Amino acid sequence: PGYIKSCASCTGAGGSSGGGPDPCNGQGSVVYVDATNGNNTNSGRSWATAVATLQAGIDIADECEAVKAIWVAKGTYTASTESGYQAARDFSFVVGYKLTIQGGYPTGGGTRNFIDNPTILDGEIQDGYEAYHVMVIYGSTETVEIDGFQIRNGFAEGTGSVELKAGIDMPRNLGAAFYIRDATSVIVRNCVFYTNVATNKGGAIFAYNSNVTLQNCVFDNNTSGNEGSVIYAQNSSNIYLNYCTLNNNLSANGDAVVYAEYASAINTTNTIIWGSNIIYGGGGTRNTSYSLLQNGN
């Protein structure tokens, strides 16, 4: 459907295909996003000409091969501004190529501080309408970095699936905050995931055939109906939890906070996992060092 956009096959269109002026002419490596001062009619090439929504910033990055990073000022951002109809729930921030997205800049630009300048990716489009997935990372063969965000209110409780591309479907009940598939390297730093709900698996993150590093992140009050209230790893995924805190996350059927299927791996270092009787689940590999696990090692 046209309302979900993956650029796994459109890396760097690099300009207009209609013979008109090249919209990417003069585009630098960074797109600037500012919910307070920005305007989506702007070019996004500086803080003074910032766009207002993260989706507009991603659209520029989709179009212009030169863009490698998006800098986002404090504020709350949703993947859709639509209201009043169910289809809006299928909108997500979709990344399928090498890109670094950083939150935590002050309004108007300046020194980045993700504590003082909370930058929120919110699944709640309006009352009663939450996105099934806040962000989708799919098909990237290079590194995608997400740094300095709060990610909340993803609500993966739908039926059926969304087609990412021909033959690749994304269920609406997995991975409420991040749905990650076929991604060579995803690095998530300095982020907080809270109040995300998946009625099946992966309350915060569902990873399929992907390598995901989570560093200095907090997961609180995320919920799944089945395994993996925080993370569910499937089909040879490798998850690295470094300097993270997982607290007060719940699987409704009592299963594990972090679940790795056979051939996947969970690697936990300098991390606290608390507030649940079952920490790990699944037949995958578990490597744990210098960590505190409730009722565990």
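Here is a short report on the structure shown in this document. (Residues numbered from 1 in each chain as written. Predicted model: local features only at pLDDT ≥ 70, side-chain atom pairs only at ≥ 80, totals over all residues. Heavy atoms only, no water.)

A closer look at the packing of aromatic side chains
Heads up, the rule is: The rule is short: rings of Phe, Tyr and Trp, with Trp giving its six-membered ring, pair when the centres are within 6.5 Å, and they are stacked under 30 degrees, edge-to-face over 60, tilted in between. A helix here means a DSSP run of H or I that spans at least four residues, while a strand means a run of E at least two residues long, and both kinds are numbered starting from the N terminus. To sort residues, take the accessible area from a 1.4 Å probe on protein chains only and compare it with the maximum for the residue type: under 20% means buried, over 50% means exposed, and anything in between is partly exposed.
This structure, assessed with the given rule, holds 9 aromatic pairs. Centroid distance Tyr-32 to Trp-47: 5.0 Å. Interplanar angle 65°. Geometry classified as edge-to-face. Placement of Tyr-32 in strand 1 (residues 30-33) and of Trp-47 in the loop between strand 1 and helix 1 (54-63) is noted, with a sequence separation of 15 residues between them. Of the two residues, Tyr-32 and Trp-47, both sit in the buried class.

Examining the sheet that holds strand 11 (residues 150-152)
We count it as follows: Here, a strand pair is defined by DSSP locating no fewer than two bridges between the strands.
Strand order in the open sheet formed by 8 strands is 3-6-11-17-21-25-29-32, and the pairing between neighbours is parallel. Looking at the sheet topology across the chains shown, the edges are occupied by strand 3 (75-77) and strand 32 (292-293). The sheet contact formed by strand 17 (residues 192-194) and strand 21 (residues 218-220) spans 3 bridges and is parallel. Counterpart to Phe-193 in the pairing with strand 21 is Phe-219.

A look at the sheet that holds strand 4 (residues 93-95)
Taken in spatial order, the 7 strands of this open sheet run 4-9-15-19-23-27-30, and their pairing is parallel. Looking at which strands have only one partner, the edges of the open sheet turn out to be strand 4 and strand 30 (280-281). Pairing between strand 19 (residues 205-208) and strand 23 (residues 231-234): 4 bridges, direction parallel. Of the residues in strand 23, the one forming a bridge with Ile-205 is Ile-231.

A closer look at helix 1
The buried count for helix 1 comes to 8 of 10 residues, which makes it a mostly enclosed element. Along helix 1, the residues classified as buried are Leu-54, Gln-55, Ala-56, Gly-57, Ile-58, Ile-60, Ala-61 and Asp-62.

Details of the side chain of Glu-130
Definition in use: We score Asp and Glu as negative and Lys and Arg as positive, and we do not count His or the chain ends. Salt bridges are counted wherever a side-chain nitrogen of Lys or Arg sits within 4 Å of a carboxyl oxygen of Asp or Glu. Any two residues whose heavy atoms approach within 4.5 Å at even a single point are treated as in contact.
Residue position: Glu-130 is located in strand 8 (residues 129-130). Buried and without a salt bridge, Glu-130 has Arg-89 as its closest oppositely charged side chain, separated by 4.6 Å. Sequence-distant contacts of Glu-130, that is, excluding residues within four places in its chain, are made with Arg-89, Gly-123, Glu-124, Ile-125, Asn-153 and Phe-155.

Topic: the side chain of Asn-200
Tracing the chain through its elements places Asn-200 in the loop between strand 18 (197-198) and strand 19. Here Asn-200 falls in the buried class, since its relative accessible area comes to 19%. Those residues in contact with Asn-200 that lie beyond four places of it in its chain are Asn-173, Leu-174, Ser-224, Gly-225, Asn-226 and Glu-227.

Some thoughts on the nonpolar core
Definition in use: Definition of nonpolar core: a set of buried residues of the types Ala, Val, Leu, Ile, Met, Phe, Trp, Tyr and Cys, connected through side-chain atoms within 4.5 Å.
With 65 residues, the main nonpolar core has Ile-70, Ile-101, Phe-178, Phe-193, Leu-214 and Phe-219 as its most contacted residues. A per-element tally of this core places helix 1 first, with 5 residues. If we skip the residues at most four places from it in the chain, Phe-219 touches Phe-193, Ala-204, Ile-205, Leu-214, Val-230, Leu-241, Thr-245, Leu-246, Asn-247 and Asn-249.

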